[in-house]
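Here are the chains, one letter per residue:
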Amino acid sequence: MNATNPQGVVAPHELCFLSTVNAAARAHTDLTPALASLHAWHEHIERTLESLQWPLSGFKPDSAFVAQAQAIGQTLRTLSGYWAQQRSELVHASKLAELLNDKVIFLVFGKFNVGKSAFCNLLAKRFSAHAQPVQYFHLENGGVVETSDTFAEGETETTARLQGVCLGQKLVLLDTPGLHSVTGQNAELTKRFIESADGLLWLSSSASPGQTQELEELSTELGRGKPLLPVLTRSDVFEEDEVDGEIQKLLRNKTPENRVLQENDVCDRASAKLDAMGLEASILVAPVSISTYMARTEGLTPQALEEAGFESLYAALLDIIQPALAYKQRKPAEVLLHHQEENVLGSLVDTVLPQLSQLHVALNAGQQALVHAPDQILKNFWRKTAPILPAMLEKLVESGNSQAFHAELIPIANTTLLQVFSDILPDYVPSCSELQQPLELTEYTAQPNYEKLYMALQQVLQNHTEIAVNAMAAECRNTLRLLEKCIADLQMFIADSDDALQRIKVTLRAPLA
């Protein structure tokens, strides 16, 4: 390749970029350990969740606690199917990556009407100007269809499908439907094939550069460790000038000073946003400003390209080539890592943890209710039992048969106690009762005195009932604690799984020795 461009003027960054891209070589990286760790991680998740048993035997089937626990179980079963579906959808991106295996892929990313198609067309024209092969294509049914048509440009959304252009021997630009596309299908296409990219070019108009919502939508890709270059498009402005004696408005490049101000502003706001998201600001490359319109209007001369910002763009692209190649080396493991982190772990964190927290709150409320429930059970029990005691005592006084008295009283008392218990604590199955023990009234029945016998019966029955109620409440508290422990164990398992996946990620992305 010559050291000058077709117009005979040196364009060092453009030439260096073309040479570097065409010479880019992808070193082999043994991903077997990383892939094995990721598969083992997922298998451990599936086995653990599949073997999960909720301790619900102390609750009634229609208990609110049971309903919440079963809802979590259903969520886990649904997620397992969702994970399999998401993993199968990654095949589309994997097929694309295989087709373009020997090339560096940059995803041109941004909302509609920021000039993505015009940007790609201009770079293609520059490669052609240097006698480099250019091949446009679009994706259809998971395959690549080559075409001679350049990307359509327009004021409305013109990219209805994912399309691309191969530049030279080793570079591919994927032009995506906009983030804020007019149709939901466009956004889905972007998400489906975004895994194929080795780096991202984030385009936003200099009229409103680096909008916060765009940064939030890019947070996932930034977290994936892909290099990202912000490009401020349409970096031009209308100025008044006298032409043939008339004042006219002419479009011109923004001044270098103005561009630096905008670039610094975007960089500062992006860094602050990344910090708020818990992401490393170092993954964001310093922004550059370009005007595709001005470069074309001035004939794509070296001076026009430089003044329109394209020499700065080439220099920035040179800075992200090596990080993009490093990402490409580990891409198969990264694709699986993204799935595990975003679909598997992400769904557990976003869906299951809130359900566990809600159940935890309900269990705490249940424990609080058990503090006062025994007193209320005793009051209600005595209110229902007291009216039947006088007639039963009269029989006891007349007959002196305490055995018959017990045989009649205890079943009634037990039935009443269980009914009162269920009324006040409807979620639980009472598993014990202490009212089967004899009521010690012998000394009062030997020499019958109705008043003393009544007082003694009241005291003895109250003592026995308190023992039974306290035992029931203790069993209820233990039932709640068992479920609380299950929740805590599951929360800890998710946290430990997060830590384990982070360790795999750190190992995968560690610089090669």
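Every chain is numbered on its own, with residues counted from 1 as its sequence reads. In keeping with the predicted nature of the model, local features appear solely for residues at pLDDT of at least 70, side-chain atom pairs appear and are counted solely at 80 or more, and the whole-chain, interface and lining totals rest on all residues. No hydrogens and no water enter the side-chain calculation; it runs on all heavy atoms of the structure.

Glancing now at the packing of aromatic side chains. Ring pairs (aromatic) are described by centroid distance and by the angle formed between their planes. Ring geometry is summarised as follows: Phe, Tyr and Trp rings, the Trp one being its six-membered ring, pair when their centres sit within 6.5 Å, and such pairs are stacked at plane angles under 30 degrees, edge-to-face over 60 and tilted between the two. Under the definition given, this model contains six aromatic pairs. Here Phe59 and Phe65 contribute two aromatic rings whose centre-to-centre distance is 5.3 Å and whose plane-to-plane angle is 45 degrees, an arrangement assigned as tilted. The two residues Phe59 and Phe65 agree in class, both being buried. Aromatic side chains Tyr136 and Phe151 sit 5.0 Å apart centroid to centroid with 80 degrees between the ring planes, which places their arrangement in the edge-to-face category. Here Tyr136, found in strand S2 (residues 134-140), pairs with Phe151, found in the loop between strand S3 (143-147) and strand S4 (163-167); they are 15 residues apart in sequence, far enough to count as distant. In this scheme, a residue with accessible area under 20% of its type's maximum is buried, one over 50% is exposed, and one in between is partly exposed, where area comes from a 1.4 Å probe on protein chains only. Its relative accessible area of 4% is what places Phe151 among the buried residues. Here a set of aromatic residues connected by ring pairs shows up, and it is made of Phe17, Phe127 and Tyr314. Put simply, DSSP H or I for four residues or longer makes a helix, DSSP E for two residues or longer makes a strand, and each gets a number counted from the N terminus.

Throughout this description, the term salt bridge denotes a Lys or Arg side-chain nitrogen within 4 Å of a carboxyl oxygen of Asp or Glu. Taken as a whole, this structure holds 11 salt bridges when the rule is applied. For Glu14, the salt bridge goes to Arg126, with nearest N and O atoms at 2.8 Å. Of this pair, Glu14 sits in helix H1 (residues 12-23) while Arg126 sits in helix H4 (residues 116-129), and the two are 112 residues apart along the sequence. For Glu14, a relative accessible area of 1% puts it in the buried group. Linked by salt bridges that have partners in common, Asp198, Lys328 and Lys331 make up one network.

One non-glycine residue with positive phi stands out, namely Arg234, at about 55 degrees. Within the secondary structure layout, Arg234 lies in the loop between strand S7 (228-233) and strand S8 (236-243). What makes Arg234 partly exposed here is its relative accessible area of 32%. Even without being glycine, Leu300 reaches a positive phi, approximately 55 degrees.

This paragraph deals with the environment of Asp198. Residue position: Asp198 is located in the loop between helix H5 (184-193) and strand S6 (199-205). Note on Asp198: relative accessible area 0%, which makes it buried. Distance from Asp198 to Gln329, taken between C-alpha atoms, is 9.4 Å for residues 131 residues apart in sequence. Any two residues whose heavy atoms approach within 4.5 Å are treated as being in contact. Leave out the neighbours within four places in its chain, and Asp198 touches Lys103, Val104, Ile105, Lys226, Pro227, Ala324, Tyr327, Lys328 and Lys331. Identification of polar contacts relies on pairs of N or O atoms within 3.5 Å, with a donor-acceptor requirement for protein atoms, meaning one able to donate a hydrogen and the other able to accept it, and with residues adjacent in sequence counted only if both atoms are side-chain atoms. A polar contact is formed between the side chain of Asp198 and the side chain of Lys331, at a distance of 2.8 Å.

On to H4, then. Helix span, expected: 1.5 Å multiplied by one less than the number of residues in the helix. Over its 14 residues, H4 extends 20 Å from the first C-alpha to the last, a length consistent with the 20 Å expected when each residue adds 1.5 Å. Counting buried residues in H4 gives 11 out of 14 residues, a clear majority hidden from the surface. What H4 keeps buried is the set Lys116, Ser117, Ala118, Phe119, Cys120, Asn121, Leu122, Leu123, Ala124, Arg126 and Phe127. One or two positions beyond H4, positive phi appears at Ala131, with a value near 60 degrees.

Within the fold, Asp427 resides in the loop between helix H13 (402-424) and helix H14 (442-446). As used throughout, the charge tally considers Lys and Arg to be positive and Asp and Glu to be negative, leaving His and the chain termini uncounted. Buried charged residue Asp427 carries no salt bridge. Nearest counter-charge: Lys60, at 8.4 Å. For Asp427, the side chain forms a polar contact with the main-chain nitrogen of Ala64, separated by 3.1 Å. Not counting residues within four places of it along the chain, the set of residues in contact with Asp427 comprises Gly58, Phe59, Lys60, Ser63, Ala64 and Phe65.

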